[in-house]
Amino acid sequence: MEGKEKFRTYKGVFDERTLRTIFKLESEGYFDELRSPVSIGKESNVFTAIKKDGTYVIIKIYRVNNADFKRMYRYIGPDARFKGLSNQRRKVISAWAQREYRNLLVANKIGAKVPVPYAVSENVLVMELIGDGGEAAPRLKDCRPKDLKKFSKELIKNLKLFYKAGFIHGDLSEFNILNYNEKPYIIDLSHGVRLDYPNVDELLERDIKNLERYFNKLSLKIDVNTVMKGIIKNGI
Ligand SMILES: Nc1ncnc2c1ncn2[C@@H]1O[C@H](COP(=O)(O)OP(=O)(O)O)[C@@H](O)[C@H]1O
Ligand SMILES: [Mg+2]
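Residues numbered from 1 in each chain as written. Chains lettered and ligands numbered in written order. Predicted model: local features only at pLDDT ≥ 70, side-chain atom pairs only at ≥ 80, totals over all residues. Heavy atoms only, no water.

**Q** Looking at this structure, I do not really get the coordination of the magnesium ion (ligand 2). What am I missing?
**A** The expected angle between donors at a tetrahedral four-coordinate metal is 109.5 degrees. At an octahedral six-coordinate metal it is 90 or 180 degrees. All of the protein donors around the magnesium ion (ligand 2) are Asn176 (OD1) and Asp188 (OD); their distances to the metal are 2.1 to 2.2 Å. Here the residue asparagine 176 occupies a position in the loop between strand 8 (167–168) and strand 9 (177–180), and aspartate 188 occupies one in the loop between strand 10 (183–186) and strand 11 (193–194), the gap between them amounting to 12 residues. Take asparagine 176 and aspartate 188: they sit in the same class, and that class is buried. (Donors = N, O, S within 2.8 Å, 3.2 Å for Na, K, Ca; no water. Helix = DSSP H or I, 4+ residues; strand = E, 2+ residues; numbered from the N terminus. Buried < 20%, exposed > 50% of the residue type's maximum accessible area, 1.4 Å probe, protein only.)

Structure, rendered in structure tokens:
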């Protein structure tokens with residue numbers, strides 16, 4: 001199939017402008033063809049896509065007509081990076097895609113294990129696929145690490161790097177961590193806020209408490225206070 005025809009099957013799923021954005025990224029060479037849907041979340045659809053050279057990427061498409069728009073607007077409002085953002089639906093949704101892209105960039109630059117971001121245009125983000133042969137690595141929720149201690153240490157190391165790079169994840173849980181060959185890769189960075197965000201420590205604490213809950217169930221104790229202190233001390 002040629003050009004826009006390739007995306008015909010997604011009519012009805014995405015609006016015209018989103019289809020045009022997908023087509024634009026395709027014609028710029030970021031990918032050649034959408035392949036399999038990986039996930040349909042509240043805010044976005046995630047696909048694998050193949051490139052001309054046979055390698056795979058992930059395309060995350062934030063749906064403009066999602067039901068969570070009001071919450072997204074409230075949550076991105078106090079983010080200094082998006083000051084003055086109007087409440088126009090498309091702009092707010094695009095800001096979430098941009099924020100995920102920027103967070104991925106800085107995290108990647110500092111050496112944290114996150115997908116490499118390749119491109120963002122409006123509400124569509126292209127990034128590295130974490131996994132092999134076009135198959136996304138399993139989520140931590142579905143794939144218990146063999147060495148819990150080692151895995152959790154590695155995770156916390158990544159959170160320290162995030163903090164050092166100037167932001168916290170804000171939506172961390174076993175759903176947003178992939179277990180790729182026994183190494184944690186953190187994904188879904190769209191909630192990530194900078195350290196000047198109101199009540200940022202509470203958001204960080206919530207992230208760590210989610211980890212505590214997950215590891216506790218598997219009988220590995222995590223001390224939230226110690227981890228928090230370690231992150232904050234290390235970060236500044
Ligand atoms: N870079 C990636 N590599 C592999 N799988 C991914 C990647 N990004 C997302 N996924 C998969 O898609 C799912 C949804 O992505 P996520 O960014 O968490 O969006 P949301 O939770 O907002 O729907 C993830 O749980 C994971 O299975
Ligand atoms: Mg997620």
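**Q** Which parts of the structure should I look at to understand the packing of aromatic side chains?
**A** Two measures describe an aromatic ring pair: the distance that separates the ring centres and the angle between the ring planes. Counted according to the given criterion, the structure contains seven aromatic pairs. Considering the side-chain rings of phenylalanine 14 and phenylalanine 47, the 6.2 Å spacing of their centres and the 65 degrees angle between planes classify their relative orientation as edge-to-face. Pair noted here: phenylalanine 14 is in the segment before helix 1 (16–27) and phenylalanine 47 is in strand 2 (residues 44–50), with a separation of 33 residues, a long-range link. Each member of the pair, phenylalanine 14 as well as phenylalanine 47, is classed as buried. The structure contains a cluster of three or more aromatic residues connected by ring pairs, namely Tyr75, Trp96 and Tyr197. Its end group placed over the ring of tyrosine 118, lysine 51 keeps NZ or CZ at 6.0 Å from the ring centre. The lysine or arginine in question, arginine 99, covers the ring of tryptophan 96, its NZ or CZ lying 4.7 Å from the ring centre. (Phe/Tyr/Trp six-rings, centres within 6.5 Å; stacked < 30°, edge-to-face > 60°. Lys NZ or Arg CZ within 6 Å of the ring centre and 35° of its normal.)

**Q** Whenever I open this one, the domain arrangement of the chain confuses me. Can you help?
**A** It is common to give the size of an interface as the accessible area that goes away when the parts come together. Structurally, the chain comprises domain 1 (3–135) and domain 2 (137–235). Each of domain 1 and domain 2 was reduced to a C-alpha centroid, and the two centroids are 23 Å apart. With 25 residues of domain 1 in contact, the opposing surface of domain 2 contributes 29 residues. Here domain 1 meets domain 2 over a buried area of about 2200 Å², counting both sides, of which 60% is carbon and sulfur. It is Tyr75, Lys113 and Ile130 that lose the most area in domain 1 upon contact with domain 2, and together they represent 32% of the buried surface on that side. Along the contact surface separating domain 1 from domain 2 lie two salt bridges. The salt bridge involving lysine 113 is made with glutamate 154; its shortest N-O contact spans 3.9 Å. Summed over the shared surface of domain 1 and domain 2, the number is 12 residue pairs in polar contact (both at pLDDT 80 or more). Every element with two or more residues in the side of domain 1 that touches domain 2 is listed here: strand 3 (56–62), helix 2 (69–76), helix 3 (89–109) and strand 6 (131–132). For the side of domain 1 that touches domain 2, a count of residues per class yields 13 nonpolar, three polar and nine charged. (Domains from an automatic or database assignment. Contact = heavy atoms within 4.5 Å. Buried area = accessible area lost by both parts, 1.4 Å probe. Salt bridge = Lys/Arg side-chain N within 4 Å of Asp/Glu carboxyl O. Polar contact = N/O pair within 3.5 Å; in protein donor to acceptor, adjacent residues only side chain to side chain. Nonpolar A, V, L, I, M, F, W, Y, C, P; charged D, E, K, R; others polar.)

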